[in-house]
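# Summary of structural features
Given next are the chains, with one letter for each unit.
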Amino acid sequence: MSSTQRYTKVAVILHWLIALAIIGMFALGWYMGGLPKDAPKQTEFDLFNWGIYTWQMDEPGSVRNLYFNLHKSLGFTLLWLILFRVYWRITHTPPAMLASYSAFERKLATATHHCLYLLMVAMPLSGVLMTLYSKFGLKWFGLDVFGGLDNASLRDFFKESHELFANILLALFILHVVGALKHRFIDKDQTLSRMTLK
Ligand code: HEM
């Protein structure tokens, strides 16, 4: 495959890195939502109860607090990585779609990709805005980034947006994976291998 038929190495690395990170953020988001609000404060946490790593805190905190802060810190980092990916996408034209695609496939793939970019930004951005209007603000791995403005109605608005975006992103993600698998196993074309490192 020539270099005009495949994605750049940077685009490939960003694609798989961000995909993995988003899957992890979904898992963490759902996991932490089920944690008790009234658990006693501790300084030592067995990370995800896997028995692999014990997280040591300077000050006692609740288990909910630990995973919320982790989700917010990772998500804030991911926002910048996603913005860099958008910048890379704008400055590097992706390879043209394969000539074998039907007109419908072209429209569906283009629309899905655009919506995925939109949701990839909207997801962490709504999380940051929810945090800004909460009581707590954002500490990035312990470093103060901004304090909370404590506005309950705006916080709730962005919380609901964050949950709605999660559902839409999940649906688009499934459509995207089904599309990739169809090209790989039914059409048996080069679509998936264009998004790999040679
Ligand atoms: C691509 C990045 C992100 C993904 C995929 C993601 C995903 C999720 C998911 C799936 C949930 C659970 C929603 C539910 O219960 O239905 C959640 C909750 C939450 N997320 Fe994120 N998130 C991201 C980024 C962020 C960022 C950047 C922040 C803040 C800095 C954030 C803050 C929160 C908070 C505070 C909640 C809990 C809401 C509550 O129950 O009070 N998220 N997230």
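Please read all numbers here as calculations on a predicted model, not as lab measurements.

### Things to note about the site of the ligand
Inspection of the region around the ligand gives 21 residues, with H71, G75, G127, K159 and H162 positioned closest. Between the ligand and H162 there is a distance of 2.8 Å, counted from a nitrogen atom to a side-chain nitrogen or oxygen. Elements represented by at least two residues in the shell around the ligand include exactly helix 1 (9-33), helix 2 (63-91), helix 3 (103-132) and helix 4 (152-186). Residues that form the shell around the ligand fall into these classes: 11 nonpolar, 6 polar and 4 charged.

### Details of the packing of aromatic side chains
Here the structure, examined in full by the defined rule, presents 12 aromatic pairs. One aromatic cluster is present, built from ring pairs that chain together Y31, F48, W50 and Y67. One cation-aromatic arrangement involves R184 over F185; the distance from NZ or CZ to the ring centre is 5.0 Å.

### What about the packing of helix 1 against helix 4?
Put simply, helix 1 and helix 4 touch, their axes get as near as 12 Å, and they point 135 degrees apart. By the angle between their axes, helix 1 is oblique relative to helix 4. As for the relative orientation of helix 1 and helix 4, their crossing is left-handed in sense. Residues H15, I22, I23, F26 and W30 of helix 1 lie in contact with helix 4, whose contacting residues are A166, L169, L170, F173 and H176.

### Concerning the coordination of the iron atom of the ligand
Those donors, H71 (NE2) and H162 (NE2), are the protein atoms that reach the iron atom of the ligand, and they lie 2.0 to 2.1 Å from it. The exposure class assigned to H71 is buried, which follows from its relative accessible area of 11%.

Parameters at a glance
Residues numbered from 1 in each chain as written. Predicted model: local features only at pLDDT ≥ 70, side-chain atom pairs only at ≥ 80, totals over all residues. Heavy atoms only, no water. Near = heavy atom within 4 Å. Polar contact = N/O pair within 3.5 Å; in protein donor to acceptor, adjacent residues only side chain to side chain. Helix = DSSP H or I, 4+ residues; strand = E, 2+ residues; numbered from the N terminus. Nonpolar A, V, L, I, M, F, W, Y, C, P; charged D, E, K, R; others polar. Phe/Tyr/Trp six-rings, centres within 6.5 Å; stacked < 30°, edge-to-face > 60°. Lys NZ or Arg CZ within 6 Å of the ring centre and 35° of its normal. Axes fitted to C-alpha atoms, helices over the stretch in contact; angles between N-to-C directions. Parallel < 35°, antiparallel > 145°, perpendicular 65-115°, else oblique. Left-handed = near helix turned anticlockwise from the far one by under 90°. Contact = heavy atoms within 4.5 Å. Donors = N, O, S within 2.8 Å, 3.2 Å for Na, K, Ca; no water. Buried < 20%, exposed > 50% of the residue type's maximum accessible area, 1.4 Å probe, protein only.

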